[in-house]
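These are the residues of each chain, in order.
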Amino acid sequence: MAEGLNFSRRLRRTPYTSSAEKAGVTGFSIVNHMLLPKAYRRSVEEDYWHLREHVQIWDVACQRQVQIQGRDAARLVQWMTPRDISRAKVGDCLYLPITDDTGGLINDPVLLKLAEDRFWLSIADSDLLLFAKGLALGRGFSVSIDEPDVSPLAVQGPKAEQLLAELFGPHIRDIGFFKFGWIDVAGTRQLIARSGYSRQGGFEIYLQGGHLGAGLWDMIWQAGLAHDIAPGCPNLIERIEGGLFSYGNEMTRETTPFEIGLQKFCSLDGSIDYLGRAALQHAAAAGLSRQIRGVLFDGGPCPTCAAPWPVHAGDKQVGQVTSAIWSPRLKRNVGLSLIDRAFWDAGQPVTVHSADGAIRSGEVSGLPFA
């Protein structure tokens, strides 16, 4: 397992790593300096169909929490994001674009509002903790910022709600989408949110106390046997089909929220102040030159997209595929690409120049893929 990774304390294990190893994990990636299971014994396609039909348990403890607490906590969070958080209530989860002074994306976490003066940012793969500390020091905000002992465990798939309602009580069914509630785990009060990195429905348990990790995994596993539970991880086929983007792949500091379709999360009327506001207002006035789209293309199952692949319309490069895989449901390859404005309409013929040297015919598609 995980050949090619030289383990050290810098590559942190999670409270669930031992459980994932027992469940047959065959490969890891590194996110936020922490191990993320990326494959088990079944194929990506087998995992895809299982996720769509049953329930899976995912170690996503790499979604580290940046805790911001104190008198100026809400002011700091608002300074970091163009999304207006003023109406957020305790119990809400909000998807946030985080921007720098140029309007480029630094991260795209989920915000959890635990109290008027306490927030968690459940982060993607960049060092948002250090970014937040620097902004707080620079502006003299009265806050404390740290990484608490919180390790998310995801339960995803259409049977997730039934499983967790049986295990933790019927109140699970009352938790709204992107809301959170509370459950009892071994006599401790733990946060559970209706959220997750799939389109198949499910929950994430934000376990406080890493020593409880193996016990929580085992509890869910045993209860899930009656529902055909399996170990899993974010599935690339399901992610791309669902139009779910990955920080570091589809978006980086070189992309703005507008290019990733996040305009609705950006306040531009001057009613709130945040880092990068002037840059985003200028970008909005100038208009978009490119935006994220799907690409459907032929040529048989494509290789792994480890580096961007050029997308052409005729002889002109009009984009580049950043994530791609064969879709067993659509019987074609699916990819994600920033596409130039003049060529981004659904149905636009394109060719994809994949890493195996093939030139594959295809067309631009809306997202998510139908």
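Residues numbered from 1 in each chain as written. Predicted model: local features only at pLDDT ≥ 70, side-chain atom pairs only at ≥ 80, totals over all residues. Heavy atoms only, no water.

(A) Molecular detail of the overall build of the chain. Counting its regular elements, the chain contains eight helices and 21 strands. Taken over the C-alpha trace, the chain has a radius of gyration of 21 Å; the compact-globule value for 370 residues is 21 Å, and the two agree within 12%. Once the C-alpha set of the chain is aligned to its principal axes, its extents read approximately 65 × 50 × 40 Å. Taken across its 370 residues, the chain has 55% of its residues classed as buried. Put simply, of all contacts in the chain between residues at least 6 apart along the chain, 65% involve residues at least 24 apart. Separation of charge centres in the chain, based on 37 positive and 40 negative side chains, amounts to 3 Å. (Helix = DSSP H or I, 4+ residues; strand = E, 2+ residues; numbered from the N terminus. Rg over C-alpha atoms; globule rule 2.2 N^0.38 Å. Buried < 20%, exposed > 50% of the residue type's maximum accessible area, 1.4 Å probe, protein only. Contact = heavy atoms within 4.5 Å. Lys, Arg positive; Asp, Glu negative; His and termini not counted. Charge placed at Lys NZ, Arg CZ, Asp CG, Glu CD.)

(B) Quick look at the packing of aromatic side chains. Applying the stated criterion across every chain yields a total of five aromatic pairs. Ring centres of Phe177 and Phe178 lie 5.0 Å apart, and the angle between their planes is 40°; on these two criteria the pair is classed as tilted. Sitting over the face of the ring of Trp344, Arg293 holds its NZ or CZ atom 4.8 Å from the ring centroid. (Phe/Tyr/Trp six-rings, centres within 6.5 Å; stacked < 30°, edge-to-face > 60°. Lys NZ or Arg CZ within 6 Å of the ring centre and 35° of its normal.)

(C) A look at the pattern of salt bridges. If you walk through the whole model with that rule in mind, you get 17 salt bridges. Arg290 is the partner of Glu259 in a salt bridge, and the nearest nitrogen-oxygen pair spans 2.9 Å. A residue pair is termed long-range when its members are at least 10 positions apart, and Glu259 in the loop between α7 (236-241) and α8 (277-286) and Arg290 in strand β16 (residues 290-297) qualify at 31 residues. Classification of Arg290 by relative accessible area gives partly exposed; the value is 26%. (Salt bridge = Lys/Arg side-chain N within 4 Å of Asp/Glu carboxyl O.)

(D) Just the nonpolar core, in detail. Counting residues in each nonpolar core, the largest one holds 37 residues, and the members touching the most others are Phe168, Ile172, Ile192, Leu216 and Ile220. Counting residues per element, this core draws most heavily on helix α5 (residues 160-168), at five residues. Excluding residues within four positions of it along the chain, Ile220 makes contact with Ile57, Leu153, Val155, Leu163, Leu167, Ile205 and Ile229. With 30 residues, the next largest nonpolar core counts Cys93, Leu114, Ile292 and Leu336 among its residues. (Core = buried A, V, L, I, M, F, W, Y, C linked by side-chain atoms within 4.5 Å.)

(E) Seen up close, the environment of Trp58. Tracing the backbone shows Trp58 in strand β3 (residues 55-59). Residue Trp58 is classed as buried on the basis of its relative accessible area of 1%. Taking the C-alpha atoms as reference points, Trp58 and Gly196, separated by 138 residues in sequence, lie 9.8 Å from one another. If we skip the residues at most four places from it in the chain, Trp58 touches Leu51, Leu153, Ala154, Gln156, Tyr197, Ser198, Gly232, Cys233 and Pro234.

(F) Main features of the packing of helix α3 (residues 73-80) against helix α4 (residues 128-139). Where α3 contacts α4, the two axes come as close as 11 Å, and the packing angle between them is 115°. Accordingly, the angle class assigned to the pair α3 and α4 is roughly perpendicular. Crossing of α3 over α4 shows right-handed handedness. Seen from α3, the contacting residues are Leu76, Trp79 and Met80; seen from α4, they are Leu128, Phe131, Ala132, Leu135, Ala136 and Arg139. Per-class residue counts for the contact of α3 with α4 are eight nonpolar, no polar and one charged. (Axes fitted to C-alpha atoms, helices over the stretch in contact; angles between N-to-C directions. Parallel < 35°, antiparallel > 145°, perpendicular 65-115°, else oblique. Left-handed = near helix turned anticlockwise from the far one by under 90°. Nonpolar A, V, L, I, M, F, W, Y, C, P; charged D, E, K, R; others polar.)

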